[in-house]
Amino acid sequence: MPGWERTAVAWLWDLCPPGYRSHDVLRRHPLILTRMALQHVGAALAAARHGYGTARSDLATTVPATVLEQTLRLYALEGARAAATERAVRLVGEALAGERWEPRL
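Nothing here was measured: the structure is a model prediction, and the numbers come from that model. (Residues numbered from 1 in each chain as written. Predicted model: local features only at pLDDT ≥ 70, side-chain atom pairs only at ≥ 80, totals over all residues. Heavy atoms only, no water.)

*Asks:* Any chance you could explain helix α4 (residues 65–96) here in plain terms?
*Replies:* Along an α-helix, residues three or four positions apart point the same way, because every turn accommodates 3.6 residues. With 32 residues, α4 ought to run about 46 Å at 1.5 Å a step, and its terminal C-alpha atoms sit 46 Å apart, in line with that. Those residues of α4 that sit buried are L68, T71, L72, G79, A82, T85, E86, V89, V92, G93 and L96. In this structure, the buried side of α4 is in contact with α1 (3–15) and α3 (30–59). (Helix = DSSP H or I, 4+ residues; strand = E, 2+ residues; numbered from the N terminus. Expected span 1.5 Å × (residues − 1). Buried < 20%, exposed > 50% of the residue type's maximum accessible area, 1.4 Å probe, protein only. Contact = heavy atoms within 4.5 Å.)

Printed below as a string of structure tokens:
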């Protein structure tokens, strides 16, 4: 696997849980690794969205308002990070599949 593909695959491995490294199919097929990474990152995004949506009702009586606001900011930041990572994984997957990006005006 030459050049950028090797770096891309290493990055995908870093996004996945450590246990995924024990599966030969993921080592042999970068597109399957991409799929698994996309699903993992998507789950993190869904968790951040769910956490943000339920934090007020779940935490309102258990933590001070300032802590609740910090928690909401944390969910928002992590959600934005997960969304950006999800988009990046999709783009890497497209490139690994041989698709080429064409700028549009």
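*Asks:* Just checking my understanding: could you explain the nonpolar core for this structure?
*Replies:* One recurring pattern in soluble globular proteins: nonpolar side chains tend to sit buried together. In this structure, A8, V9, L12, W13, C16, L26, L33, A37, L38, V89, V92 and L96 together form the largest nonpolar core, which totals 12 residues. Looking at this core, the elements with two or more residues in it are α1, α3 and α4. At four residues, the largest contribution of residues to this core is made by α1. For W13, the contacting residues outside a window of four places in its chain are Y20, R21, L26, R27 and L33. (Core = buried A, V, L, I, M, F, W, Y, C linked by side-chain atoms within 4.5 Å.)

*Asks:* Just to check I follow, could you spell out the side chain of E86 for this structure?
*Replies:* Position of E86 among the secondary structure elements: in helix α4. Among buried charged residues, E86 stands out as having no salt bridge; its nearest opposite-charge side chain is R90, 4.0 Å away. For E86, the contacting residues outside a window of four places in its chain are L38, V41, G42 and L45. (Lys, Arg positive; Asp, Glu negative; His and termini not counted. Salt bridge = Lys/Arg side-chain N within 4 Å of Asp/Glu carboxyl O.)

*Asks:* Would you take a moment to explain the environment of R21 for this structure?
*Replies:* By the element assignment, R21 lies in the loop between α1 and α2 (24–28). What makes R21 partly exposed here is its relative accessible area of 40%. Sequence-wise, R21 and L33 are 12 residues apart; in three dimensions their C-alpha atoms are separated by 9.7 Å. Once you skip the residues sitting within four places of it in the chain, R21 turns out to touch W13, D14 and R27. Within the structure, the side chain of R21 is placed 3.5 Å from the side chain of D14, a separation counted as a polar contact. (Polar contact = N/O pair within 3.5 Å; in protein donor to acceptor, adjacent residues only side chain to side chain.)

*Asks:* Help me understand α1 in this model?
*Replies:* Among all positions in α1, only A8, V9, L12 and W13 are buried. One side of α1 holds all its buried residues, which, seen down the axis, span an arc of 140°. Exposed residues pointing more than 90 degrees away from the buried face of α1 are listed as G3, R6, T7 and D14. Close packing links the buried residues of α1 with α2, α3 and α4. (Arc of directions from axis to C-beta.)

Functional significance is not addressed by these values, which are geometric in nature.
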